[in-house]
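Each chain, written out:
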Amino acid sequence: MAGRDGPLPGGAVNPPGTHETGADGRAGGALLVVGDVVTDVVARHRGALAPGTDTASAIRTLPGGAGANVACWAARQGCADVRLLGRVGADAAGWHERELREAGVLPRLVVDPEAATGTVICLVDTEAAAERTFLTDSGASLRLDPDDWSPGLLDGVARLHLSGYLFFSEPSRALVSVALASARARGVPVSVDPASAGFLTELGVDRFLALVAGVDVLLPSRDEAGLLTGLPDPADAAAKLSRFFPLVVAKQGAEGALIAEGGGVRARVPAAPAVPRDTTGAGDAFTGAFLAALIAGAEPEDAAARGCAAGALAVGKVGGRPPMG
């Protein structure tokens, strides 16, 4: 948009909420996620960090990345064909591929010859509703580029999902443009999760909104929706965004989710009960479950309820991936 009070981009591939089929005509079809695959180092501490000395913590190293997490949660929620395109370093490629396959995801991981796998340090304050702070080294994950894309990746795909982290480097922004063009050519609907209010601020709101023009479903957090519109009220922000994106699902954490279409909020979906241990990946869990339900034919309200249930499950465990088994 020209400014936060001006027009936003629009023009979707397909209207949401319709019965979805894969590009080969099969009902349901696959979910293709394009996004980040990283190694999470989760440090759970109690209370404020102690500068200049030690802070006792429980530390675990886990597979993560917003894109990879979404794919794993979609598979957990019953999507039978979930595929992931991402880029990793040789240092951890084998481990990440095994973890994704065990979660029911078919990975297509490009091994970067120069960069290491991205790493995120997740600082989780167990006394502050398990709220987390990220220290992010994106590494190879943001080096995806158009050479990593092929239109054949959309064979049999009912929906393409792009992790917002793709918009924060020049090579992966170029890949986004190519992927969106391929999806439009095939009539495959596209969803985007903006991913990070901090990185959005650095990129610029106008630039981000121009890049996501034509996306069918936008899945911002409360902070991201406010940033994208300049409106402090979550319902107002979701409603404004839905004037330009056919479906907006604004994640509200412990307050559930807002569903907006056509310039107004059409539903408020309550959160599921949860006892937070680690909020890392809660939004990814929502997104994965929501998209799996859409592909299965659910209406947006029902899909959002599935998303809220997955988010509640996610915050009750450590790490951003669904529990195994």
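In what follows, the accompanying structure is described. (Residues numbered from 1 in each chain as written. Predicted model: local features only at pLDDT ≥ 70, side-chain atom pairs only at ≥ 80, totals over all residues. Heavy atoms only, no water.)

Below, the discussion takes up the sheet that holds strand S6 (residues 118-125). The mixed open sheet is built from 4 strands, whose spatial order is S3-S2-S6-S7. A strand with exactly one partner marks an edge of an open sheet, and here the two such strands are strand S3 (57-64) and strand S7 (131-137). Ignoring which end each strand starts from, the neighbouring axes of this sheet average 20 degrees apart. Note that strand S2 (residues 38-45) and S3 share 8 bridges and pair antiparallel. Directly across from Arg44, in S3, lies its bridge partner Ala58. Across the sheet, helix H2 (residues 93-102) lies against S2 and S3, angled at about 80 degrees from S3, the strand it touches most. (Pairing = 2+ DSSP bridges. Helix = DSSP H or I, 4+ residues; strand = E, 2+ residues; numbered from the N terminus. Axes fitted to C-alpha atoms, helices over the stretch in contact; angles between N-to-C directions. Contact = heavy atoms within 4.5 Å.)

We now examine the pairing of S2. Counting buried positions along S2 gives 7 out of 8 residues, so the element sits mostly inside the fold. Note that S2 and S6 share 8 bridges and pair parallel. When the sheet's bridge partners are listed, His45 is paired in S6 with Asp125. (Buried < 20%, exposed > 50% of the residue type's maximum accessible area, 1.4 Å probe, protein only.)

This brings us to the packing of aromatic side chains. Inspection of the entire model under this criterion finds 5 aromatic pairs. Summarising the aromatic geometry, the rings of Tyr165 and Phe168 are spaced 6.1 Å apart at their centres and angled 85 degrees between planes, so their arrangement reads as edge-to-face. Phe168 carries the same exposure label as Tyr165, and that label is buried. The interplanar angle of 85 degrees and the centroid separation of 6.0 Å between the aromatic rings of Tyr165 and Phe199 together place this pair among those described as edge-to-face. Pair noted here: Tyr165 is in the loop between strand S8 (157-163) and helix H3 (170-186) and Phe199 is in helix H4 (residues 197-203), with a separation of 34 residues, a long-range link. Residue classification places Tyr165 among the buried positions, given a relative accessible area of 12%. In textbook terms, an aromatic cluster arises when at least three aromatic residues are bridged by ring pairs, as seen for Tyr165, Phe168 and Phe199. (Phe/Tyr/Trp six-rings, centres within 6.5 Å; stacked < 30°, edge-to-face > 60°.)

This next bit is on the packing of helix H1 (residues 66-76) against helix H8 (residues 282-295). In the contact formed by H1 and H8, the axes pass within 7 Å of each other and the chain directions differ by 45 degrees. In terms of axis orientation, H1 runs oblique to H8. Considering only the axes of H1 and H8, their crossing is right-handed. Mapping the contact onto sequence places Ala66, Asn69, Val70, Trp73 and Ala74 in H1 and Asp284, Ala285, Thr287, Gly288, Ala289, Leu291 and Ala292 in H8. Its residues assigned to classes, the contact of H1 with H8 comprises 8 nonpolar, 3 polar and 1 charged. (Parallel < 35°, antiparallel > 145°, perpendicular 65-115°, else oblique. Left-handed = near helix turned anticlockwise from the far one by under 90°. Nonpolar A, V, L, I, M, F, W, Y, C, P; charged D, E, K, R; others polar.)

Our next topic: unusual backbone geometry. Although it is not a glycine, Ala195 sits at a positive phi angle of roughly 85 degrees. Here Ala195 is to be found in the loop between strand S9 (190-193) and H4.

We now examine the sheet that holds strand S4 (residues 82-89). As a general point, the strands of a sheet are linked pairwise by backbone hydrogen bonds and lie either parallel or antiparallel. Pairing in this open sheet of 9 strands is mixed, and the strands run S5-S4-S1-S8-S9-S10-S11-S12-S13 from one edge to the other. Two strands bound the open sheet, and with one partner strand each, they are strand S5 (105-112) and strand S13 (264-269). Summarising the sheet, strand S1 (residues 30-34) and S8 pair through 5 bridges and their orientation is parallel. If you follow Leu32 over to S8, its bridge partner there is Leu160.

At their nearest, the axes of helix H6 (residues 222-229) and helix H7 (residues 234-241) sit 9 Å apart, and the two run at 60 degrees to each other. With respect to each other, H6 and H7 are oriented oblique. Like other packed secondary-structure pairs, H6 and H7 cross with a definite hand, here left-handed. Along its contact with H6, which presents Arg222, Ala225, Gly226, Leu228 and Thr229, the element H7 presents Pro234, Ala237, Lys240 and Leu241.

Here we take up H2. Those residues of H2 not exposed but buried are Ala93, His96 and Leu100. Projected down its long axis, H2 shows its buried positions confined to an angular sector of 70 degrees, all on one face. After H2 finishes, the residue Gly104 shows a positive phi value of roughly 90 degrees. (Arc of directions from axis to C-beta.)

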